Amino acid sequence: MTGHLYKVTVEQLEDRKGNPIEASPLCFEARCHDDLFAVVDKLQAKMPLSEADTQAFAVGLKLFSEVMMKNRDNPLFKSFKPAFTEFMMALKKG
């Protein structure tokens, strides 16, 4: 597969009660046909979200959409595709 290759690391810092957590991070590589940094920049200019929320939204959305496209024959993704396509069209229109 072609595209930009990213290394994603997620570290849990606290539990839901605010207690510090020491756990191994999740770390994986993922490809994306879009430049995630450019996507974040575009969304920051058009969405009324904090910088952290925009980054989380953009990265989560793009990682999800890549997995969905890669597994498009999965019945779960097949049934979700029309709603996702509609959502993406609305997002792109701004």
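This text goes with the structure placed above it.
Residues numbered from 1 in each chain as written. Predicted model: local features only at pLDDT ≥ 70, side-chain atom pairs only at ≥ 80, totals over all residues. Heavy atoms only, no water.

Novice: Outline the overall build of the protein chain, listing residues and values.
Specialist: Helix and strand content of the protein chain: 3 helices and 2 strands. Overall, the protein chain shows an N-to-C arrangement of helices and strands of β-β-α-α-α. In terms of overall dimensions, the protein chain is more spread out than a globule: its C-alpha atoms have a radius of gyration of 15 Å, far above the 12 Å expected for 94 residues. Its C-alpha atoms give the protein chain principal-axis dimensions of about 40 × 30 × 25 Å. In the protein chain, buried positions account for 21% of the 94 residues. Restricting the contact set of the protein chain to residue pairs at least 6 apart, pairs at least 24 apart contribute 49%. With the model as given, the accessible surface of the protein chain reaches about 7,400 Å², and the carbon-plus-sulfur share is 57%. Between the mean site of the 13 positive side-chain charges and the mean site of the 13 negative ones, the protein chain shows a separation of 10 Å. (Helix = DSSP H or I, 4+ residues; strand = E, 2+ residues; numbered from the N terminus. Rg over C-alpha atoms; globule rule 2.2 N^0.38 Å. Buried < 20%, exposed > 50% of the residue type's maximum accessible area, 1.4 Å probe, protein only. Contact = heavy atoms within 4.5 Å. Areas by Shrake-Rupley, 256 points an atom, 1.4 Å probe, with all protein chains shown as cover. Lys, Arg positive; Asp, Glu negative; His and termini not counted. Charge placed at Lys NZ, Arg CZ, Asp CG, Glu CD.)

Novice: Explain the pattern of salt bridges to me, and be specific about the residues and the numbers.
Specialist: What the rule picks out here adds up to 1 salt bridge. Between D34 and K62 there is a salt bridge whose closest N-O contact spans 2.5 Å. A residue pair is termed long-range when its members are at least 10 positions apart, and D34 in the loop between β2 (26-32) and α1 (36-46) and K62 in helix α2 (residues 51-70) qualify at 28 residues. Residue D34 is classed as partly exposed on the basis of its relative accessible area of 24%. Judged by relative accessible area, which is 8%, K62 ranks as buried. (Salt bridge = Lys/Arg side-chain N within 4 Å of Asp/Glu carboxyl O.)

Novice: I'd like a description of the packing of α2 against helix α3 (residues 75-93), backed by residues and values.
Specialist: At their nearest, the axes of α2 and α3 sit 12 Å apart, and the two run at 140° to each other. Here α2 lies oblique to α3, going by the angle between them. For the pair α2 and α3, the crossing hand works out as left-handed. Of the residues in α3, those in contact with F57, L61, F64, S65, V67 and M68 of α2 are F77, F80, F84, F87, M88 and L91. Looking at the contact of α2 with α3 residue by residue, the classes come out as 11 nonpolar, 1 polar and no charged. (Axes fitted to C-alpha atoms, helices over the stretch in contact; angles between N-to-C directions. Parallel < 35°, antiparallel > 145°, perpendicular 65-115°, else oblique. Left-handed = near helix turned anticlockwise from the far one by under 90°. Nonpolar A, V, L, I, M, F, W, Y, C, P; charged D, E, K, R; others polar.)

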